[in-house]
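Single-letter residue listing:
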Amino acid sequence: MGRATLVRQHCAESPRVKPRIGACIALRTNHVTDTGSVSVEFVAPKCVYKVSNCINMSWVCWMEFCCCVIMDRSRKFSPVWNNFDLLTPNKVKCRLCSTELSYINKSTSSMLRHYRARHGGDEESADTRENTPVPKQAVDEAVVNMIIKDCQPLSLVENEGFRELLKLIIPSYVLPSRKTIKDLVSQRYEKEKEKTKKDLQSAIAVSLTADMWTSMNMEAYLAVTCHYVDKESHELHTSVLGVQHFHEKHTAENMATVKKSLMEEWGIAAKVRCLVTDAAANMISCARMLQIRHTICIAHTMNLMVRKSCDQVETLTEIRNKTRQIVTYFRSSTTAKEKLTQIQQQLGTPVHKLINKVPTRWNSTYHMFERMAEQKEAVWVSLASLKRDITPLTTEDCETIEEMLRVLAPFDQATTELSEEKRVSGSKVIPMLKMVHVELHRQASTVRKTAAKQLAENLRKRLTECISSMESLSVMTLATLLDPRFKTIGFVSSLKATEAVKRLKLECADQMRSQEPDPAEEGPSSSHGSEPSSGHNLWETFDMEVEENKRTSNATADSILEVQRYLAESNLPRKQDPLQYWKSNKRAYPHLHELALKCLCSPCSSVPCERVFSKAGELVSKRRNRLGAKTLQKLLLLNKNA
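Residues numbered from 1 in each chain as written. Predicted model: local features only at pLDDT ≥ 70, side-chain atom pairs only at ≥ 80, totals over all residues. Heavy atoms only, no water.

## Things to note about the overall build of the chain
Secondary structure assignment for the chain yields 24 helices and 11 strands. Looking at the chain as a whole, 45% of its 642 residues qualify as buried. A fraction of 64% describes how many contacts in the chain between residues 6 or more apart in sequence connect residues 24 or more apart. Carbon and sulfur atoms form 51% of the exposed surface of the chain, whose accessible area is close to 34300 Å². (Helix = DSSP H or I, 4+ residues; strand = E, 2+ residues; numbered from the N terminus. Buried < 20%, exposed > 50% of the residue type's maximum accessible area, 1.4 Å probe, protein only. Contact = heavy atoms within 4.5 Å. Areas by Shrake-Rupley, 256 points an atom, 1.4 Å probe, with all protein chains shown as cover.)

## Re a nonpolar patch on the surface
Taken together, L165, L168 and I169 make up a surface patch of nonpolar side chains, about 330 Å² in accessible area. Tracing the backbone through its elements, the reader meets L165 in helix 6 (residues 160-169). (Patch = residues over 30% accessible without salt bridge, like charges linked within 9 Å, V, L, I, M, F, W, Y side chains within 5 Å. Salt bridge = Lys/Arg side-chain N within 4 Å of Asp/Glu carboxyl O.)

## Quick look at the pattern of salt bridges
Two side chains with opposite charge may pair up if their charged atoms get near one another. Enumeration over the complete set of coordinates arrives at 20 salt bridges. Its salt-bridge partner being D397, residue K322 comes within 3.0 Å of it at the nearest N-O pair. With K322 in helix 11 (residues 314-332) and D397 in helix 15 (residues 395-418), this residue pair connects regions lying 75 residues apart in the sequence. Using a relative accessible area of 21% as the deciding quantity, one classes K322 as partly exposed. Through salt bridges with shared partners, a single network forms among E396, E399 and K449.

## A look at the packing of helix 10 (residues 298-311) against helix 15
Viewed as axis vectors pointing N to C, helix 10 and helix 15 meet at an angle of 160°, and their least axial separation amounts to 10 Å. Relative to helix 15, the element helix 10 is oriented roughly antiparallel. Between helix 10 and helix 15 lies a crossing whose hand is left-handed. Here I298, M302, M305 and V306 of helix 10 come into contact with helix 15, specifically with L408, F411, A414, T415 and L418. Residue composition of the contact of helix 10 with helix 15, grouped by class: 8 nonpolar, 1 polar and no charged. (Axes fitted to C-alpha atoms, helices over the stretch in contact; angles between N-to-C directions. Parallel < 35°, antiparallel > 145°, perpendicular 65-115°, else oblique. Left-handed = near helix turned anticlockwise from the far one by under 90°. Nonpolar A, V, L, I, M, F, W, Y, C, P; charged D, E, K, R; others polar.)

## Regarding the sheet that holds strand 8 (residues 220-229)
With respect to topology, 5 strands assemble into an open sheet ordered 9-8-7-10-11, the strand pairing being mixed. The sheet terminates laterally at strand 9 (236-245) and strand 11 (294-296), the two strands that pair on one side only. Here the average twist between neighbouring strands, direction ignored, is 25°. Two elements, strand 8 and strand 9, share 9 bridges in a ladder whose sense is antiparallel. If you follow V229 over to strand 9, its bridge partner there is L236. Contacts between helix 23 (residues 607-619) and the sheet are confined to strand 7 (206-214), strand 8 and strand 9, with strand 7 contributing the most and set at about 40° to the helix. (Pairing = 2+ DSSP bridges.)

## Details of the environment of S186
By secondary structure assignment, the location of S186 is in helix 7 (residues 178-202). Through-space distance from the C-alpha of S186 to that of K634 is 7.1 Å; in sequence the pair is 448 residues apart.

## So, the pairing of strand 4 (residues 84-88)
When strand 4 meets strand 5 (residues 91-94), the two strands line up antiparallel, connected through 4 bridges. The residue bridging L86 from the neighbouring strand is V92, located in strand 5.

## Brief notes about the pairing of strand 5
Every second residue of strand 5 is oriented toward a common face, the buried set being V92 and C94 and the non-buried set K91 and K93. Connecting strand 4 to the antiparallel partner strand 5 that follows it, the hairpin turn spans 2 residues. Between strand 5 and strand 6 (residues 100-102), which pair antiparallel and follow one another directly, the connecting turn spans 5 residues, one of which, S98, has a positive phi of 65°.

So, in structure tokens, the structure goes:
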């Protein structure tokens with residue numbers, strides 16, 4: 001029996017040492033005699049002691065000394081040892097990822113760095129969490145968070161597998177009932193609603209988007225989202241105001257009533273600067289009734305533009321129908337799908353599925369053609385081996401598709417970029433359309449097929465009309481001018497740019513006058529003539545007109561100077577954030593800064609509403625087709641706003 005074993009047994013029999021003996025890993029002796037020179041190294045995961053030259057120490061005394069070494073250790077060990085094992089005196093192993101690290105000079109620095117970098121935590125907090133019981137309220141909140149974020153049904157708490165999982169993790173925890181979870185969701189909704197209301201009250205201006213949606217239960221919903229710039233952080237925020245169950249007919253009057261009640265409920269009726277919807281007649285009439293500036297969603301505009309241009313090209317329609325028939329066959333037949341996968345692997349082409357066209361999205365046609373161009377050889381070979389009565393694409397068809405893709409590529413990129421929600425997008429519409437126009441002209445000069453040339457010409461005509469319309473909208477032109485990345489360079493027409501600058505100067509002058517004190521509230525000015533004792537002033541109206549002209553003249557002159565100084569500056573790099581520019585320059589251009597916060601909050605599309613409906617589609621599923629309209633609204637608001 002070795003001496004290390006004897007020491008362990010002796011320590012185990014000692015009541016003082018027994019609780020700590022489990023920590024002992026190894027006892028190393030370099031040279032041991034009963035009464036001779038001894039070099040001892042006692043190694044444990046939380047302590048390392050070395051004793052050298054113990055002269056004339058008897059074996060029993062030496063064992064007692066080892067026990068004392070374990071017990072008398074006074075310094076606190078590092079909690080990082082809870083996650084590492086000592087392999088040798090100079091090497092440790094992580095229990096979480098099995099990485100081996102050096103252990104030099106008894107320092108835990110390398111272990112600390114590894115734990116923080118690879119396992120994302122602090123060893124002190126990790127050790128504390130392991131020993132601290134989790135309060136029931138915290139677990140309840142975590143369950144509610146999971147239901148909201150992951151779109152889980154409220155009945156999740158009644159699922160047997162979920163209850164068994166929590167029982168294994170936290171045996172003492174009792175899951176709340178479905179009704180309790182519903183009450184917790186309602187409480188969270190009220191709290192989040194009050195927080196959003198407070199944020200909206202501090203906003204200078206807001207813009208709205210609205211759209212209609214029909215659920216799988218054939219129930220209509222009207223969604224309204226709100227967009228604003230936080231005046232402290234200068235960050236763009238989006239909040240869902242409501243997803244109302246719409247019982248009435250989809251008339252402009254009924255929509256206006258619902259939207260007006262939502263604006264009053266959230267306290268933003270006087271702050272709405274713009275309403276963005278699709279081009280439906282009832283949506284346009286609704287904005288007119290509410291007396292709000294209206295902008296048609298640029299994504300819908302481009303969708304109609306490309307669809308109509310493509311439909312006018314007969315050859316392109318034939319190729320599209322033929323391609324769709326091929327894609328439908330490979331997506332509906334398991335044999336064809338497996339054959340295509342096999343051929344793709346043999347030819348070394350990417351193993352991608354074919355994409356089918358969606359009637360409401362023009363870019364789905366673009367992506368269908370793009371994938372077909374990538375997989376044309378694999379599709380040809382697969383159709384030939386399957387011997388089906390499906391007409392394959394000819395070489396002429398494939399060449400037409402490739403040229404058509406070059407013509408449509410700028411529109412696809414613009415549609416994707418203009419659908420962003422987290423960045424300023426309204427100011428980007430006019431410059432983006434200008435760049436699409438330039439790229440379309442360049443690509444049109446490279447195509448040779450008649451169908452591609454005709455498509456390019458159709459797009460050019462419609463794009464020119466769209467640009468002219470956008471450069472006439474004050475909402476779009478002011479946003480473009482107040483974006484330091486674009487200013488006047490973003491315009492196609494120099495005449496429209498000049499008109500927009502004049503409009504900006506007028507808006508800036510109005511902003512200045514609105515911040516000046518009212519002359520009627522100021523004290524009476526001194527007069528050379530004496531006022532009649534009766535209190536009637538014959539010249540009162542004349543004096544007020546003089547003061548008003550003076551204020552107007554001063555505000556106009558100051559606004560011209562401020563706008564000219566701003567426009568004279570060099571443009572900001574395109575990838576920088578325009579809102580952070582205004583945060584840094586709000587003292588240099590105080591009135592333009594206020595206008596920028598009002599204009600740059602407007603989105604260019606109603607895509608935010610469509611994203612809300614995408615999430616609603618996950619909530620209203622076959623598993624929860626009895627979900628109430630009020631509960632659906634609460635879950636959507638919490639999911640999108642929190």
